[in-house]
Amino acid sequence: MKLVAKLILFCLLLVSCNTPRTTFDYDAQTNFDQYKTYQLFPDFRTEMSQLDEKRIISSLDHFMRQENIDLGEEKPDLYVNVYTEKFQEQSNNTLGVGVGSGGGNVGVGVSGGIPLGGPKDYVRFIIDFIDVEKDALVWKAEVEVKFNYNATPDQRQALFDKVFAKALEAYPPQD
């Protein structure tokens with residue numbers, strides 16, 4: 001019985017993790033070693049609050065520096081654009097209820113599912129790297145993550161750090 005309880009607890013922990021879903025795309029003809037400086041795209045707007053936008057920029061700058069790409073004051077090598085799409089998904093968790101009766105050679109049953117919890121809030125982050133000289137998109141990441149609008153500022157910063165760590169784990173692309 002203890003083993004079953006531990007297994008159920010492990011499954012619940014696994015399901016409750018907020019692991020970002022990530023996809024990447026890039027121009028295979030691009031030499032990514034040439035990019036040493038970046039600036040935010042001139043029309044940079046994430047569609048998040050001003051406070052969250054500051055946190056996003058902070059996370060972006062931190063992880064760009066880890067890739068040895070510094071914020072450039074003059075003409076940068078890259079423009080970086082981040083925009084977001086907010087959406088909701090219905091919870092797939094339901095509680096099944098069944099009622100049945102039988103007698104003789106006849107059986108009758110009725111069952112149904114009761115949804116548990118409401119819709120979950122998600123945010124999709126789209127991160128574009130644009131070659132300034134060519135004026136062309138050269139790298140793109142999309143990260144989807146569950147978003148808690150009631151999170152504290154520290155929790156939001158930690159989430160944005162997680163998003164950009166996940167987004168930039170495939171940069172530069174390895175062929």
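Remember, predicted model here, so these are calculated numbers, not experimental data. (Residues numbered from 1 in each chain as written. Predicted model: local features only at pLDDT ≥ 70, side-chain atom pairs only at ≥ 80, totals over all residues. Heavy atoms only, no water.)

Observations regarding the confidence of the model for the protein chain
It should be kept in mind that the predicted coordinates are not to be read in detail where pLDDT is low.
Phase 1: The pLDDT averaged across the protein chain works out to 85; a share of 74% of its residues lies at or above 70.
Phase 2: For the protein chain, helix α1 (residues 2–16) is the element with the lowest average pLDDT, namely 49, and strand β2 (residues 37–40) is the one with the highest, namely 97. (pLDDT = per-residue confidence, 0-100. Helix = DSSP H or I, 4+ residues; strand = E, 2+ residues; numbered from the N terminus.)

Examining the packing of helix α2 (residues 50–66) against helix α3 (residues 153–167)
Phase 1: One can describe the packing of α2 onto α3 by two numbers: an axis separation of 9 Å at closest approach and a directional angle of 40°. By the criterion of interaxial angle, the relationship of α2 to α3 is oblique. For the crossing formed where α2 meets α3, the hand is right-handed. Within the contact between the two elements, α2 uses Asp-52, Arg-55, Ile-56, Ser-58, Ser-59, Leu-60 and Phe-63 and α3 uses Pro-153, Arg-156, Gln-157, Phe-160, Asp-161, Phe-164 and Ala-165.
Phase 2: In the contact of α2 with α3, the residues fall into 7 nonpolar, 3 polar and 4 charged. (Axes fitted to C-alpha atoms, helices over the stretch in contact; angles between N-to-C directions. Parallel < 35°, antiparallel > 145°, perpendicular 65-115°, else oblique. Left-handed = near helix turned anticlockwise from the far one by under 90°. Contact = heavy atoms within 4.5 Å. Nonpolar A, V, L, I, M, F, W, Y, C, P; charged D, E, K, R; others polar.)

Description of the packing of aromatic side chains
Phase 1: Under the defined criterion, the tally for this structure stands at 12 aromatic pairs.
Phase 2: On the numbers, 6.0 Å between centres and 65° between planes, the contact of Phe-32 with Tyr-35 is edge-to-face.
Phase 3: The interplanar angle of 20° and the centroid separation of 6.3 Å between the aromatic rings of Phe-147 and Phe-160 together place this pair among those described as stacked. Of this pair, Phe-147 sits in the loop between β8 (136–146) and α3 while Phe-160 sits in helix α3, placing them 13 residues apart in sequence.
Phase 4: For Phe-147, a relative accessible area of 4% gives the class buried.
Phase 5: Judged by relative accessible area, Phe-160 falls into the buried class, the value being 0%.
Phase 6: A network of ring pairs unites the aromatic residues Phe-24, Tyr-26, Phe-32, Tyr-35, Phe-129, Trp-139 and Tyr-171 as a single cluster. (Phe/Tyr/Trp six-rings, centres within 6.5 Å; stacked < 30°, edge-to-face > 60°. Buried < 20%, exposed > 50% of the residue type's maximum accessible area, 1.4 Å probe, protein only.)

Some thoughts on the sheet that holds β8
Phase 1: With mixed pairing, 6 strands are arranged side by side in an open sheet as β1-β8-β7-β4-β2-β3. Strands at the two margins of the open sheet, each flanked by one partner only, are β1 (21–26) and β3 (70–71).
Phase 2: Note: β2 against β3, 2 bridges, orientation parallel. The residue of β3 that forms the bridge with Tyr-38 is Leu-71.
Phase 3: Against the sheet, α2 engages β2, β3, β4 (78–89) and β7 (120–131), with an angle of about 170° to β2.
Phase 4: Its contacts with the sheet place α3 against β1, β4, β7 and β8, and it is angled at close to 135° to β8. (Pairing = 2+ DSSP bridges.)

Overview of the environment of Arg-55
Phase 1: Among the secondary structure elements, Arg-55 is positioned in helix α2.
Phase 2: By relative accessible area, which is 14% here, Arg-55 ends up buried.
Phase 3: In the structure, Arg-55 is positioned 101 residues away from Arg-156 in sequence and 7.9 Å away in space, judged by C-alpha atoms.
Phase 4: Residue contacts for Arg-55: discarding those within four places in its chain leaves Pro-153, Arg-156, Gln-157 and Phe-160.

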